[in-house]
Amino acid sequence: MTRKIQITAISAEDLVDGRKPVDKNAFVAFNMAGNYWKQPMRTSLDEVGGNHPMWEDKLETEFSSEKEPTSVMYVQVYHRSSGKDKHVGTARVPVKEFTGEYAPEGFMHCLSYRLWDEQGRRNGIVNFSVRILPNKSDTTKSGLVPPFWLRYS
């Protein structure tokens, strides 16, 4: 089944490049292990946030929920320095965090994950939200999604 997924990159904290704090031009790239969606998504550059960047970029794409549920989404933070994109850190998010049976469809999951650099050291935290958008057929005449306890299977 193909659904729409909406990811909002919110912020990151305590980002460093080597031993120096990231000064500006940070962005986030979201990708899924396997072939869940058509292409990786990325935010715009935060040009003033320093090692605490903020984005508020809403990214949407098609999402195939029929793939293996043990897969992960990679959240990768980069910063642009001298025209090159330098990897700051990666977080691995289990797909079941936001596709499981734990919350109703359309529920916004606010997540914070530790970033790890290429040497396996901690390198900040990334904050984002994920929401699986309901199908058009699941909405009422008013355009609202009925509560999950009122939906019929």
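Conventions adopted
- Residues numbered from 1 in each chain as written.
- Predicted model: local features only at pLDDT ≥ 70, side-chain atom pairs only at ≥ 80, totals over all residues.
- Heavy atoms only, no water.
- Helix = DSSP H or I, 4+ residues; strand = E, 2+ residues; numbered from the N terminus.
- Buried < 20%, exposed > 50% of the residue type's maximum accessible area, 1.4 Å probe, protein only.
- Contact = heavy atoms within 4.5 Å.
- Phe/Tyr/Trp six-rings, centres within 6.5 Å; stacked < 30°, edge-to-face > 60°.
- Core = buried A, V, L, I, M, F, W, Y, C linked by side-chain atoms within 4.5 Å.
- Polar contact = N/O pair within 3.5 Å; in protein donor to acceptor, adjacent residues only side chain to side chain.
- pLDDT = per-residue confidence, 0-100.
- Pairing = 2+ DSSP bridges.

Looking at the element boundaries, asparagine 25 is found in the loop between strand S3 (20–21) and strand S4 (26–32). By relative accessible area, which is 17% here, asparagine 25 ends up buried. In this view, asparagine 25 contacts Leu45, Asp46, Glu47, Tyr78, His79 and Arg80; residues no more than four positions away in its chain are not counted.

Another aspect to go through is unusual backbone geometry. Phi is positive for aspartate 14, which is not a glycine, with a value near 55 degrees. Mapping aspartate 14 onto the fold places it in the loop between strand S1 (2–13) and strand S2 (16–17). Even without a glycine there, the phi angle at glutamate 56 is positive, about 60 degrees. Relative to the helices and strands, glutamate 56 is located in strand S6 (residues 54–64).

With that settled, the discussion passes to the packing of aromatic side chains. To describe a pair of aromatic rings, you give the distance between the ring centres and the angle between the ring planes. Under the definition given, this model contains 3 aromatic pairs. With 5.4 Å between their ring centres and 20 degrees between their planes, phenylalanine 27 and tyrosine 78 make a pair best called stacked. Placement of the pair is phenylalanine 27 in strand S4 and tyrosine 78 in strand S7 (residues 72–81), with a sequence separation of 51 residues. Judged by its relative accessible area of 18%, tyrosine 78 falls in the buried class.

With 29 residues, the main nonpolar core has Phe30, Met73, Val75, Phe98, Val126 and Phe128 as its most contacted residues. Elements supplying a minimum of two residues to this core: S1, S4, S6, S7, strand S8 (84–94), strand S9 (109–116) and strand S10 (122–133).

Right, let's get into the environment of aspartate 17. Tracing the backbone shows aspartate 17 in strand S2. In sequence terms aspartate 17 and valine 88 are 71 residues apart; their C-alpha atoms lie 6.2 Å from each other. Once you skip the residues sitting within four places of it in the chain, aspartate 17 turns out to touch Val22, His79 and Lys86. Within polar-contact distance, the side chain of aspartate 17 engages the side chain of lysine 86 at 3.0 Å.

Take the confidence of the model for the protein chain next. On average, the protein chain scores 81 in pLDDT, and the residues at 70 or more come to 78%. When pLDDT is averaged over each element of the protein chain, S9 comes out on top at 94 and helix H1 (residues 96–99) at the bottom at 80.

The next point concerns the pairing of S4. Of all 7 residues making up S4, 6 are buried, and the element is well covered by its neighbours. In this structure, S4 lies alongside S7, joined through 7 bridges in antiparallel fashion. Residue pairing for S7: valine 28 is matched across the bridge by valine 77. Pairing between S4 and strand S5 (residues 41–42): 2 bridges, direction antiparallel. Considered in S5, the bridge of alanine 29 is made with arginine 42.

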